[in-house]
Amino acid sequence: MDNSPKTENSLTIYPFVVPNLLISYCCILVMPEKQRGRYAALAIAAVVIVVGIPLWWKTTETYRAWLPFSEISELDSLQLQLSVDIEVVFSRGTLTPEQQKKFPLSHVNEKEHQVDVSIPELLTSPSTEADLSLHMLSESSCGSVVVYVIPESSTLLPEDVKVYVGQRRTALLRSPPFKTSWNLKEVLSNLDVEVEQVVSTMSFGHQDIVAALSNRVRMTKVTKESMADSMRAIKSSPGYEITFSLLNPDPKSHSLHWDIEGAVQSYIQPLLNKLAPIANFSVDSQILYYAVLGVNPRFDNSVSAYTLSADSLSHVINPVEARLGSNAASSNPVLNFLLYVPDAHHSPLFIRDHSKRKVPSNAFHSPRWGGIMVYNVNEMYGPEAERPVDININMAKVMGVFLAQLRLMLGVQHTHPPTGFVLQSPGSAGLADWELDRLLWSRSVENIATASTTITSLAQLLDQIGNIVINDNIAQQVSSAVTSLQSAVAELEAGNLAFALQYSREAILASERAFFDPSLLHLLYFPDDQKFAIYIPLFLPMCVPIVLSLLKIVSEAKKRRADKQAKSD
Amino acid sequence: MDYYNLLTTCAFIHLLVSIPYAYSNYVENKAGQFFSSGHTNNWAVLVCTSRFWFNYRHVANTLSVYRSVKRLGIPDSHIVLMLADDMACNYRNPKPATVFSHKNMELNVYGDDVEVDYRGYEVTVENFLRVLTGRLPPSTPRSKRLLSDDRSNILIYLTGHGGNGFLKFQDSEEISNMELADAFEQMWQKRRYNELLFIIDTCQGASMYERFYSPNLMALASSQVGEDSLSHQPDLAIGVHLMDKYTFYLLEFLEEVHPASQANMNDLFKVCPQSQCVSTPGHRTDLFQRNPGSVLITDFFGSVLLHDMKQLVADVSSQKPKQKDWHPPDGFILGLWTLILLVFFQTYGIKHLKHIF
């Protein structure tokens, strides 16, 4: 490893010594005595200054490959422009004929893009068929949103529902009330607000972007919900490990069977397949026997069951976590999902929330760690059953809960949809297209922010510490990270979400690899006084005679000139 | 003669360099972004830096902190334990597979569930800095890495032999306080911690946290600059000192803490006053955003996974660290050499050097 600072190269003495000796011998042979000393000293000094010092400097400097510092400092002031393709389609009856006539065929502002006025066929009730047919009408690309505006009095949507968001990238918006006498501008401005709300739900809103940039941007208004949201979703990472564990504290009473492979294939894998552009997922499962929770549940007489209160939940996981294990080879973050079947003496076991009510799913989750679900089996067998009792776990119910928790933890779930909105559940697909888009937007922004912070801090670090060696591969990683970042920003501006995400992923991979390269260790800290203490005994005895002899030559020359002056006078 | 004296004094004045310590403004701006953040996971890095049988007490120190931290809930996967020597299976240990912290062998801190990540000669300054900054070779297994994120609270405990501004590793190398401060700054740049608690039990331990300049750091040391940290009790059967005073009383304090306890940092600062410890323990909280009274012990020593989002109080108290001793400025040795040279020439006179030419 070429971490040697200037002090470790003792071979640099040789360029000083050898030529000097040679020249001295030459002078001895050639010159008359009187001038010998003078010319020898001059020659030695010349060799030292011309050859020695540059050679010493060159051989003791640390190798630093060139880095694009100017481009990196540009990245520091990052300005992102995100553009979403929005198509607003007006259905028959939303506009009066006069307004329709005056409609501009293409109206572009920074928020909307109306393509043209088309009149689609609509079925009578909003259902998956309607949604599918709407999707067929306009095949929307990744990141775009299509809003269909229906008349205010339409019966397509129930009374109190303003917006219906489908599984794909389409939404039905009930037109806000407006008078027929209004001119086009007022209609459009009224509609603007509604469409903006729809788009911020389906793509991104101000809060989402601020949360994604949270490690760069100061969060000015931190509400409890926003902070809770930002802490719940796991940070962007190139890969994740998902582990399902079945905890059986009482194998003597219960012999549990769970078809985890099938359940993962049918419930979890579709979601993970859809999320493939974001990260690599690896799923594994295990069964732990005699694993007890850290807290003794209390028996509640009113419901004749054991309960775990919300306060004790913090300590439930700790003793189990020690036994959970993880894949030793990868350093990806792990999401653990535990399924706990209480032992026969502590069944049934219910979880109570802060207001002492039973949690319906009987599960809770911990931000960035995972989730745990308690599965009661006491009703499946009577007291006379032969121990151990064979129990097949209903994977559909379990996976429903785990899937919801997984969506929350990956940041997919939209926690607070605005009033009047109905979001169609994604069902077996696991993930609606627009939810995926939301995640892609926030992930791209987060990746770009993180990568740019990493690169700028790396550049700062390398600038500050002159002793670190910068190898070629690091310079290459940094350059590729910078170019990927620039491409990602450009793609975001153009609205190509898929490409933007891909470039941002490349950028973050390259920047992490560059920052965490093992060779960038600033290990040797040399304070200045130590450097001088090492060099002075080495160079001083040699340089002092040279300097003094030069001074002597100068003083002699001065004296001779003064003599000449006196003589000529 | 006079000219030389003038030159000397000029050189000295010229070399009086003053290093500015006023980073509090910078810290406030940087850490303000995180003043209301909480943590979601806990990590601990526990390092014992001395080897040889007579440094038994350092290994016992580290193992007692390890034991407390495990008892309060941090799992092995989140603890990086570095022990420079193996005392439990040392040839000179009359009770093999044990490391005691009390005389009369009351408490065996080795236990039966110890996972040492870096052992023996693997405990070096380089490996320690690599663990902190994350610059490990790709082949390093997960258990040897500090995989913290921006919501991790990290506890770092160092013990061994130290001096003014350095800590000795393995009797052959040392880590300086500047390197440690730079490592923490790199951790901050990459957001590898939310808050960090640094505890050091060595002689002149307070010098190690003097140079910190990254936000959200709290530091405790067992002795001030110029003081030695003393060991506690020898055990006549084992034949060595078992623990250091500061960590002994720290262990006593931590044994009273349980996972749901509400003890806070102000109680930790009171551990081992001078009457018990002989040395004066010190602490540094000016870089820490929260009020120490509102920081629970379990925020660092335990692992409380699911927690309420408390509205944390941003109380930035800017205390500059008290400099008890005058430290010679940098470049002191340069001045010393200049002085030596001048005296040399003055004594021997330039005229004698004529004979060389």
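Remember, predicted model here, so these are calculated numbers, not experimental data.

J.: Help me understand a nonpolar patch on the surface, please; the structure alone is not making it clear to me.
T.: Taken together, Val 17, Val 18, Leu 21, Leu 22 and Tyr 25 of chain A make up a surface patch of nonpolar side chains, about 480 Å² in accessible area. Mapped onto the elements, Val 17 of chain A comes out in helix α1 (residues 13-30).

J.: Looking at this structure, how should I read the sheet that holds strand β1 (residues 41-48) of chain B?
T.: Backbone hydrogen bonds are what pair the strands of a sheet, in a parallel or an antiparallel way. Residues and elements named next belong to chain B. Taking strand neighbours across the sheet as the criterion, the 7 strands line up as β3-β2-β1-β4-β8-β9-β10 in an open arrangement whose pairing is mixed. At either margin of the open sheet sits one strand with a lone partner, and together these are β3 (118-119) and β10 (282-284). Pairing of β1 with strand β4 (residues 152-159), which is carried by 8 bridges, proceeds in the parallel orientation. Bridge pairing in β4 links Val 45 to Ile 156. Strand contacts of helix α3 (residues 56-71): β1, β2 (79-83), β4 and β8 (195-201), with the helix running at about 165° to β2, the strand carrying the most contacts.

J.: Whenever I open this one, the UniProt feature "transmembrane region" (unreviewed entry) in chain A confuses me. Can you help?
T.: Residues and elements named next belong to chain A. Taking the UniProt record as the reference, the feature "transmembrane region" (unreviewed entry) is found at residues 12-32, 39-57 and 532-551. As annotated, residues 39-57 has a helix share of 100% and a strand share of 0%, and its two end C-alpha atoms lie 26 Å apart. For residues 532-551, the end-to-end C-alpha separation is 24 Å, with 100% helix and 0% strand making up the annotated structure.

J.: Can you help me understand the environment of Ser 457 of chain A in this one?
T.: Mapped onto the secondary structure, Ser 457 of chain A falls in helix α12 (residues 433-464). Remark: the alpha-carbon pair of Ser 457 of chain A and Gln 286 of chain A, spanning 171 residues in sequence, is separated by 41 Å. Contact partners of Ser 457 of chain A, with chain neighbours within four places excluded, come to Phe 515 of chain A together with Gln 189 of chain B.

J.: Just to check I follow, could you spell out unusual backbone geometry for this structure?
T.: Apart from glycine, the bulk of residues carry a negative phi angle, and the bulk of peptide bonds sit in the trans form. For the peptide bond that leads from Ser 347 of chain A to Pro 348 of chain A, omega is -20°, which places it in the cis range. Mapped onto the elements of the fold, Pro 348 of chain A is located in the loop between β12 (334-340) and β13 (349-351). Along the chain, Arg 387 of chain A connects to Pro 388 of chain A via a cis peptide bond; the corresponding omega equals -10°. Among the structural elements, Pro 388 of chain A can be located in the loop between β15 (370-374) and β16 (389-392). Of note in the backbone geometry, Cys 272 of chain B takes a positive phi value of approximately 60° without being a glycine. Following the sequence through the fold, Cys 272 of chain B ends up in the loop between α7 (265-269) and α8 (274-277). Exposure remark for Cys 272 of chain B: the relative accessible area of 2% places this residue in the buried category.

J.: Would you explain the pattern of salt bridges in this entry?
T.: Once their charged atoms are close, side chains differing in charge can pair, the charge on each being opposite to the other. For the structure on display, the rule yields 20 salt bridges over all chains. With a closest N to O distance of 2.8 Å, Arg 407 of chain A and Glu 435 of chain A form a salt bridge. Placement of the pair is Arg 407 of chain A in helix α11 (residues 395-410) and Glu 435 of chain A in helix α12, with a sequence separation of 28 residues. Each of the two residues, Arg 407 of chain A as well as Glu 435 of chain A, counts as buried. Among the charged side chains, a network of salt bridges with common partners joins Lys 235, Arg 368 and Glu 446 of chain A together with Asp 150 of chain B.

J.: What am I meant to see in the nonpolar core here?
T.: A general trend in soluble globular proteins is that nonpolar side chains are found buried together. Judged by nonpolar contacts, the single largest core of 102 residues is most densely connected at Phe 244, Leu 275, Leu 339, Ile 393, Leu 406 and Val 478 of chain A. Setting aside chain neighbours within four positions, we find Ile 393 of chain A in contact with Leu 246, Leu 256, His 257, Trp 258, Leu 339, Val 341, Tyr 375 and Val 398 of chain A. In terms of nonpolar packing, the next biggest core, distinct from the first, is built from 54 residues, Ala 44, Leu 46, Phe 100 and Val 257 of chain B among them.

J.: What is the right way to look at a positive patch on the surface in this model?
T.: A contiguous patch of positive charge, built from Lys 558, Arg 560, Arg 561, Lys 564 and Lys 567 of chain A, is present on the exposed surface. Summarising the element assignment, Lys 558 of chain A is placed in helix α15 (residues 528-568).

J.: Help me out: how do you make sense of the packing of helix α4 (residues 125-133) of chain B against helix α5 (residues 177-189) of chain B in this one?
T.: Packed helices, taken two at a time, are described by the angle their axes make and the gap between the axes. Residues and elements named next belong to chain B. At a minimum axis distance of 9 Å, the contact between α4 and α5 shows a crossing angle of 25°. Between α4 and α5, the angle falls in the class roughly parallel. Contact residues: α4 offers Phe 128, Leu 129, Leu 132 and Thr 133, while α5 offers Glu 179, Leu 180, Ala 183, Phe 184, Gln 186 and Met 187.

J.: It is not clear to me how the state of the cysteines should be interpreted in this structure. Could you clarify?
T.: One way to say it: the disulfide is the covalent bond shared by the sulfur atoms of two cysteines. All names here are of chain B. Tallying each qualifying case throughout the model produces 1 disulfide over all chains. There is a disulfide in this structure between Cys 272 and Cys 277, and the S-S distance comes to 1.6 Å. The sign of the 100° torsion about the S-S bond sets the Cys 272-Cys 277 disulfide as right-handed. Each member of the pair, Cys 272 as well as Cys 277, is classed as buried. The closest cysteine sulfur to the non-disulfide-bonded Cys 89 is located on Cys 48, 15 Å from its own sulfur.

J.: Even after reading the chapter, I still don't get the confidence of the model for chain A, so can you show me in this structure?
T.: Interpretation of the predicted coordinates at a detailed level should be avoided for regions scoring low in pLDDT. All names here are of chain A. Put simply, chain A has an average pLDDT of 77, and 79% of its residues get 70 or more. Per-element mean pLDDT across chain A ranges from 25 in strand β3 (residues 113-114) up to 93 in strand β7 (residues 239-248). Taken together, the stretch residues 1-8 has pLDDT below 50 and engages in 16 contacts with residues farther than four places along the chain or on a different chain. Note that pLDDT drops below 50 for residues 105-130; the model gives that stretch 50 contacts with residues more than four away or on any other chain.

How each quantity is defined
Residues numbered from 1 in each chain as written. Chains lettered and ligands numbered in written order. Predicted model: local features only at pLDDT ≥ 70, side-chain atom pairs only at ≥ 80, totals over all residues. Heavy atoms only, no water. Patch = residues over 30% accessible without salt bridge, like charges linked within 9 Å, V, L, I, M, F, W, Y side chains within 5 Å. Areas by Shrake-Rupley, 256 points an atom, 1.4 Å probe, with all protein chains shown as cover. Salt bridge = Lys/Arg side-chain N within 4 Å of Asp/Glu carboxyl O. Helix = DSSP H or I, 4+ residues; strand = E, 2+ residues; numbered from the N terminus. Pairing = 2+ DSSP bridges. Contact = heavy atoms within 4.5 Å. Axes fitted to C-alpha atoms, helices over the stretch in contact; angles between N-to-C directions. UniProt positions renumbered as here; feature names shortened; annotations may be inferred. Buried < 20%, exposed > 50% of the residue type's maximum accessible area, 1.4 Å probe, protein only. Core = buried A, V, L, I, M, F, W, Y, C linked by side-chain atoms within 4.5 Å. Lys, Arg positive; Asp, Glu negative; His and termini not counted. Charge placed at Lys NZ, Arg CZ, Asp CG, Glu CD. Parallel < 35°, antiparallel > 145°, perpendicular 65-115°, else oblique. Disulfide = S-S within 2.5 Å. pLDDT = per-residue confidence, 0-100.

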